Amino acid sequence: HSSGSLRNPGNAYFIRTTQEILASTHVQIETGTTVEFGDFAGLVVRGSLAAQGSSASPITFTSDDVVKGPGQWAGLIFTGDRTETSHLQHCQVEGGWHWYGALVEVSGAAEVLLEECTLTQCSVDGIQLLTDSQVMVRSSSISTCQGTGIRATSARARVDGCDIFSNGGYGI
């Protein structure tokens, strides 16, 4: 398997159908990059994803609709084993949903670190953790999701210094 990068900060990548990062594959998204998804499209991460923006130039995951709103794309799905760790920092994730119920889903023993990220306008839960997954959410904001901010089932979550507010369900 190979690795790669999404480059050209300030420009958008358009994803029309769900894409997959395979196991043992590492993808890096550069600071300032925007990734726009078509209806029902999302990103499944079985390998690892490094999306580390900056406060001045975040990485954005959103829909390709002109007017942004909940439920416009399928979200980010992290699934895999303990050998793969993904890191999202200074990312804005907005307007999604997922078949299983979250803007960001982590399952199957995957490990994800979200730092200084903003998750908004989800038609269901902000983050859903399933089946032995582990996530650390640090200094992030989860708001205006129609469901719960963070939902964990048979999973491990560490939440530190986060603002979880204005969601339709519970915070955690």
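Turning to the overall build of the chain, a few remarks are in order. Scanning the chain from N- to C-terminus turns up zero helices and 20 strands. Since a compact globule built from 172 residues should have a radius of gyration of about 16 Å, the 14 Å found for the chain is in line with a globular shape. Principal-axis analysis of the C-alpha atoms places the extent of the chain at approximately 40 × 40 × 30 Å. Within the chain, the fraction of its 172 residues that count as buried is 51%. In the chain, of all internal contacts separated by at least 6 residues, the share reaching a separation of at least 24 is 53%. Counting every atom, the chain has about 7700 Å² of accessible surface; 47% of that belongs to carbon and sulfur. Once the 9 positive and 17 negative side-chain charges of the chain are each reduced to a mean point, those two points are 4 Å apart.

This part is about the nonpolar core. Residues Leu49, Phe61, Leu76, Phe78 and Leu88 are the most contacted members of the largest nonpolar core, which totals 36 residues. Sort the elements by how many residues they give to this core and strand E12 (residues 102-107) lands first, with three residues. Residues within four places of Phe78 in sequence aside, it is in contact with Val45, Leu49, Ser86, Leu88, Val104, Glu105, Val106, Ser107, Ala110 and Val112.

What follows covers the sheet that holds strand E13 (residues 111-115). If you trace the seven strands from one edge of the open sheet to the other, you get E1-E4-E7-E10-E13-E16-E19, paired in parallel fashion. The outermost strands of the open sheet, each flanked by one partner alone, are strand E1 (4-6) and strand E19 (156-160). Pairs of neighbouring strands in the sheet enclose a mean axial angle of 15°, with direction left out of account. One ladder, built from four bridges, connects strand E4 (residues 26-29) with strand E7 (residues 48-52); its direction is parallel. When the sheet's bridge partners are listed, Val27 is paired in E7 with Leu49.

Summed over the entire model, instances satisfying the criterion amount to four salt bridges. A salt bridge links Arg16 to Asp64; its shortest N-O distance comes to 2.5 Å. Residue Arg16 is located in the loop between strand E2 (12-15) and strand E3 (19-21), and its partner Asp64 is located in the loop between strand E8 (59-63) and strand E9 (76-79); the two are separated by 48 residues in the primary sequence. The exposure class assigned to Asp64 is partly exposed, which follows from its relative accessible area of 26%.

Rules behind the numbers
Residues numbered from 1 in each chain as written. Predicted model: local features only at pLDDT ≥ 70, side-chain atom pairs only at ≥ 80, totals over all residues. Heavy atoms only, no water. Helix = DSSP H or I, 4+ residues; strand = E, 2+ residues; numbered from the N terminus. Rg over C-alpha atoms; globule rule 2.2 N^0.38 Å. Buried < 20%, exposed > 50% of the residue type's maximum accessible area, 1.4 Å probe, protein only. Contact = heavy atoms within 4.5 Å. Areas by Shrake-Rupley, 256 points an atom, 1.4 Å probe, with all protein chains shown as cover. Lys, Arg positive; Asp, Glu negative; His and termini not counted. Charge placed at Lys NZ, Arg CZ, Asp CG, Glu CD. Core = buried A, V, L, I, M, F, W, Y, C linked by side-chain atoms within 4.5 Å. Pairing = 2+ DSSP bridges. Axes fitted to C-alpha atoms, helices over the stretch in contact; angles between N-to-C directions. Salt bridge = Lys/Arg side-chain N within 4 Å of Asp/Glu carboxyl O.

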